[in-house]
Amino acid sequence: ATNVSGSSNTASKNTNAETYAVVDEERTPELIALALNTLGSFNVIGYIQNIDEFLRDIAVNFLEEDNTTIRREAAVAVPQLLVRLCSNPKFVSTPISSFPLSEVIERLLLVGISDVDPAIRHTVLVHLEPTLDAFLAAPENLRCLFIALNDEVFAIRETAIAIIGRLSLRNP
């Protein structure tokens, strides 16, 4: 009886390993884009420990992805999560200078000025909501926004000037 239960456990372990392998093989760009879209639409702030590290991982892994669809979804999801995080009373009291999310903002802005796809550059800038202004007003981030004023696409220049105008109240 021990052999039967032992082999049964081994069989279930193999089945689980095979299931994970199949899931790993099915990580298509469409599935990743759907996951990023879903992630951006949920308020996961209270459910994920080290949310700042989680956001940094998303920014590092997906904002510079070769696939345009994945980059576009990441360019929407990351700012949405940042806005939710910065709106959370627990994080509002944290000093901005000690906030590790400034790296995520910088990475977003770099994508917003340097991505080869103008739609992604525009998407990044459009999703930089006033909640993030405390980060955007930092000198290095302002430089990125001023670079966006020279973009070849008028809508991107227009969005950049709107953000800079909004920031002038914080940093004249």
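Criteria and cut-off values
- Residues numbered from 1 in each chain as written.
- Predicted model: local features only at pLDDT ≥ 70, side-chain atom pairs only at ≥ 80, totals over all residues.
- Heavy atoms only, no water.
- Axes fitted to C-alpha atoms, helices over the stretch in contact; angles between N-to-C directions.
- Helix = DSSP H or I, 4+ residues; strand = E, 2+ residues; numbered from the N terminus.
- Parallel < 35°, antiparallel > 145°, perpendicular 65-115°, else oblique.
- Left-handed = near helix turned anticlockwise from the far one by under 90°.
- Contact = heavy atoms within 4.5 Å.
- Nonpolar A, V, L, I, M, F, W, Y, C, P; charged D, E, K, R; others polar.
- Expected span 1.5 Å × (residues − 1).
- Buried < 20%, exposed > 50% of the residue type's maximum accessible area, 1.4 Å probe, protein only.
- Arc of directions from axis to C-beta.
- Core = buried A, V, L, I, M, F, W, Y, C linked by side-chain atoms within 4.5 Å.
- Salt bridge = Lys/Arg side-chain N within 4 Å of Asp/Glu carboxyl O.

### Things to note about the packing of helix 6 (residues 102-114) against helix 7 (residues 118-126)
Where helix 6 contacts helix 7, the two axes come as close as 7 Å, and the packing angle between them is 140°. Here helix 6 lies oblique to helix 7, going by the angle between them. The handedness of the crossing between helix 6 and helix 7 comes out as left-handed. Together, Leu-108, Leu-109, Val-111, Gly-112, Ile-113 and Ser-114 of helix 6 and Ile-120, Arg-121, Val-124 and Leu-125 of helix 7 make up the contact between the two elements. A class-by-class count of the residues in the contact of helix 6 with helix 7 yields seven nonpolar, two polar and one charged.

### What to know about helix 6
For helix 6, which comprises 13 residues, the first-to-last C-alpha distance of 18 Å matches the rise-based estimate of 18 Å (1.5 Å per residue) to within 8%. For helix 6, the full list of buried residues reads Val-104, Ile-105, Leu-108, Leu-109, Val-111 and Gly-112. Taken down its axis, helix 6 places every buried residue within 160° of arc, on the same side. The inward-facing, buried residues of helix 6 abut helix 3 (51-62), helix 4 (68-87), helix 7, helix 8 (133-136) and helix 9 (139-148).

### Thoughts on the nonpolar core
Counting 42 residues, the largest nonpolar core has Leu-82, Leu-109, Leu-125, Leu-128, Leu-132, Leu-136 and Leu-145 as the members making the most contacts within it. If you list the elements that add at least two residues to this core, you get helix 2 (29-41), helix 3, helix 4, helix 6, helix 7, helix 8, helix 9 and helix 10 (154-167). Tallying contributions element by element places helix 4 first for this core, with nine residues. Discounting residues that sit within four places of it in the chain, Leu-145 has contacts with Leu-109, Leu-125, Leu-136, Ala-160, Ile-163, Ile-164 and Leu-167.

### Things to note about helix 10
Under the 1.5 Å per step criterion, the end-to-end length of helix 10 is 20 Å for 14 residues, consistent within 8% with the ideal 20 Å. Ile-156, Thr-159, Ala-160, Ile-163, Ile-164 and Leu-167 are the residues of helix 10 that are buried. Projected down its long axis, helix 10 shows its buried positions confined to an angular sector of 135°, all on one face. Taken together, the buried residues of helix 10 touch helix 7, helix 8 and helix 9.

### What to know about the pattern of salt bridges
Per the stated rule, a full pass over the model turns up nine salt bridges. With its nearest N and O atoms 2.8 Å apart, the salt bridge here joins Glu-64 to Arg-107. Of this pair, Glu-64 sits in the loop between helix 3 and helix 4 while Arg-107 sits in helix 6; the two residues are 43 residues apart in sequence, bridging distant segments of the chain. Residue Arg-72 pairs with Asp-117 through a salt bridge whose shortest N-O separation is 3.5 Å.

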